[in-house]
Amino acid sequence: MRFLSACLLLSSLVVLTACSSYSPSTDWTGTSKDRVVAHWGQPDMQRQLPAGITRLEFPSGPYGRTTWFVDLDAAGQVVRSEQVLTEKNFHQITPGMGQDEVRQRLGRPGQISTLARSRGVVWSYRYESAFCQWFQLEFAEDQTLRSAGYGEPPECDRPNQIVIPF
C-alpha cells in the first residue's frame with residue numbers, strides 16, 4: 001500500500017511539473033521575442049493587431065488545457081501575456097460571431113468535428129476546470145457561430161472506472 005501511495009505521489013509531482021513548465025513562471029513584460037520563442041518554441045500563429053502590436057499564440061496541444069497569447073510591441077518586447085482558455089473569455093463568445101473573430105479570442109481549437117449533412121462544424125476547447133468538461137462552439141455552414149456551451153470530452157466517459165481511495 002505504501003508503494004502504491006508513493007507511486008501515485010511521484011506521478012502527481014511529475015505531471016504538475018510538466019504542466020507548469022509550459023506556463024510563464026514569471027512576469028514576461030519587457031522580455032524579448034527571442035527569449036519567449038526560446039522558452040516556448042515557435043508560436044502556432046502570429047497576428048498583427050492595431051497600434052503595432054504583434055500577438056504570438058502558444059496552444060498547449062489538442063489535449064492541452066491552455067493557450068497563451070503573448071503581445072509584443074513594435075520593438076519586439078512583451079507588453080502582455082494571458083492564458084485565454086477561461087470561462088470568463090468563453091462567456092464573451094456570442095452567437096453570430098465569425099470563426100476568425102472566435103479564433104482571435106481563443107486561439108485554435110483542440111478538436112474540430114464536422115456535422116452530418118454538411119450542416120457546419122463544432123470546435124472544442126479543453127481548459128483547466130474542476131470538472132471534466134470542454135467548451136464547444138457550433139458553426140453554421142456560413143462560418144458564423146450558431147451556439148456554444150459546455151460538454152463532456154470523450155476521455156471523461158469512463159463506465160468501468162476504478163477508483164483508488166487515498
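Described below are features of the structure shown in this document. None of the values given here were measured: they were computed from a predicted structure.

### Notes on the pairing of strand 8 (residues 145-151)
For step 1, the next point in the chain: The sheet contact formed by strand 7 (residues 134-139) and strand 8 spans six bridges and is antiparallel. Along strand 8, the bridge assignment pairs phenylalanine 135 with tyrosine 150.
For step 2, the next point in the chain: In textbook terms, the turn of a hairpin is the stretch between consecutive antiparallel strands, and for strand 7 and strand 8 this stretch comprises five residues, one of which, glutamine 143, has a positive phi near 70 degrees.

### Describing the packing of aromatic side chains
For step 1, the next point in the chain: Scanning all chains against the criterion turns up nine aromatic pairs.
For step 2, the next point in the chain: Summarising the aromatic geometry, the rings of phenylalanine 90 and tyrosine 127 are spaced 5.0 Å apart at their centres and angled 85 degrees between planes, so their arrangement reads as edge-to-face. With phenylalanine 90 in helix 3 (residues 87-90) and tyrosine 127 in the loop between strand 6 (121-126) and strand 7, this pair connects stretches of sequence that are 37 residues apart. Tyrosine 127 matches phenylalanine 90 in its accessibility class, with the two residues each being buried.
For step 3, the next point in the chain: Every member of this aromatic cluster is reached through a ring pair, and the members are Trp28, Trp40, Phe58 and Trp68.
For step 4, the next point in the chain: Geometry around tryptophan 28 places arginine 35 over its ring, the cationic atom sitting 5.4 Å from the centre.

Procedures and definitions
- Residues numbered from 1 in each chain as written.
- Predicted model: local features only at pLDDT ≥ 70, side-chain atom pairs only at ≥ 80, totals over all residues.
- Heavy atoms only, no water.
- Pairing = 2+ DSSP bridges.
- Helix = DSSP H or I, 4+ residues; strand = E, 2+ residues; numbered from the N terminus.
- Phe/Tyr/Trp six-rings, centres within 6.5 Å; stacked < 30°, edge-to-face > 60°.
- Buried < 20%, exposed > 50% of the residue type's maximum accessible area, 1.4 Å probe, protein only.
- Lys NZ or Arg CZ within 6 Å of the ring centre and 35° of its normal.

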